[in-house]
Amino acid sequence: MQQDYGTLYVVATPIGNLRDISLRALDILASVDCIAAEHIDLTRHLLSHHGIHTSLMTLHQHNEHLVAEKIANLLASNQNIALVTDAGTPCISDPGAMLIHLLRSSGHRVVPIPGPNAAICALSASGIRSNSFFFYGFLPVKSGERKRCLTSLTTFPPCTLIFYEAPHRIVECIKDMIVIFGTHRQITLARELTKVFETFHTDNLENTLQWLLADENQQKGEFVLLLPPVFE
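Computed from a prediction, not measured in an experiment: that's the story for all the values here.

1. Side note on the overall build of the protein chain
Phase 1: A count of helices and strands for the protein chain gives 8 helices and 10 strands.
Phase 2: Viewed in the frame of its principal axes, the protein chain has a C-alpha envelope of about 65 × 35 × 30 Å.
Phase 3: The proportion of buried residues among the 232 residues of the protein chain is 47%.
Phase 4: For the protein chain, the computed accessible surface area is about 12200 Å², with 53% contributed by carbon and sulfur atoms.
Phase 5: Averaging the coordinates of the 17 positive side-chain charges in the protein chain and doing the same for the 22 negative ones gives two points 2 Å apart.

2. Section: the layout of surface pockets
Phase 1: Quantified by volume, the largest pocket comes out at close to 650 Å³.
Phase 2: In this structure, the largest pocket is lined by 25 residues; those nearest its centre are A87, D94, F138, Y164 and E222.
Phase 3: Within the residue set of the lining of the largest pocket, elements represented by two or more residues are β8 (186-191) and β10 (223-227).
Phase 4: In terms of residue class, the lining of the largest pocket is built from 11 nonpolar, 6 polar and 8 charged.
Phase 5: Reported here for the second largest pocket is a volume of approximately 210 Å³.

3. Details of the nonpolar core
Phase 1: Formed by 22 residues in total, the largest nonpolar core has its most connected members in F163, I170, I174, M177 and L225.
Phase 2: Contributions of two or more residues to this core are made by α6 (143-153), β7 (160-165), α7 (170-181), β8, α8 (205-214) and β10.
Phase 3: Take this core: its biggest share by element is 7 residues, from α7.
Phase 4: In contact with L225, other than residues within four places in its own chain, are L161, I162, F163, E165, I170, C173, I174, M177, I187, T188 and L189.

4. Thoughts on the packing of aromatic side chains
Phase 1: In this structure the tally under the stated criterion is 5 aromatic pairs.
Phase 2: Centroid distance F135 to Y164: 5.0 Å. Interplanar angle 65°. Geometry classified as edge-to-face. Placement of the pair is F135 in strand β6 (residues 133-138) and Y164 in strand β7, with a sequence separation of 29 residues.
Phase 3: For Y164, a relative accessible area of 9% corresponds to the buried category.

Parameters at a glance
- Residues numbered from 1 in each chain as written.
- Predicted model: local features only at pLDDT ≥ 70, side-chain atom pairs only at ≥ 80, totals over all residues.
- Heavy atoms only, no water.
- Helix = DSSP H or I, 4+ residues; strand = E, 2+ residues; numbered from the N terminus.
- Buried < 20%, exposed > 50% of the residue type's maximum accessible area, 1.4 Å probe, protein only.
- Areas by Shrake-Rupley, 256 points an atom, 1.4 Å probe, with all protein chains shown as cover.
- Lys, Arg positive; Asp, Glu negative; His and termini not counted.
- Charge placed at Lys NZ, Arg CZ, Asp CG, Glu CD.
- 1 Å grid on protein atoms, 1.4 Å probe; cavity = no way out; pocket = protein on both sides within 12 Å on 5 of 7 lines; lining within 4 Å.
- Points joined across faces, edges and corners; volume = space filled by probe spheres on them.
- Nonpolar A, V, L, I, M, F, W, Y, C, P; charged D, E, K, R; others polar.
- Core = buried A, V, L, I, M, F, W, Y, C linked by side-chain atoms within 4.5 Å.
- Contact = heavy atoms within 4.5 Å.
- Phe/Tyr/Trp six-rings, centres within 6.5 Å; stacked < 30°, edge-to-face > 60°.

Here you go:
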């Protein structure tokens, strides 16, 4: 007799506004046996907002391998599991890829439940007229490594470059971009997407740096940085 196995659902969750979640995602989160979350408190807040009380386990970059084995065992016992991250789509600059690789290699069923993604959200409202883009994610923390990564992107075919950046590194990141791309390279900075203080700022790199330095409030929150292509 063929054994039944559970399913891992990769569920996208809101990047800010808690109502930005699909009906299908809510159905899955309410019906699975357990949810693997990056930070339980954040996910519990989302679930509580929607009246969902599914049990939770922690899965982050430091315990992913151990938890992956536990999830594989749960799936083998015909339980269904949902994977979520703090915000947005799992495995996109967030943990989960190791888990999914292991499960797929073992023949387990993995089903995506699509939804919010900060990079696409920012690009869609940026007004950048470019048919192609390259999503890098988070740049290295150290300035030297960050500059080397940025330098490697200068030889790319013309496309919009998309990065994520944390608030405590945003100023230094822009300074490094000026060194590599020049003061006049255009940038769109998207901050706190879908939240109360959502901000889009478009200017050249030098003016954007001065804008950030002039108001520390603009240095707060999570950032998406979009550099449109330069055509010769």
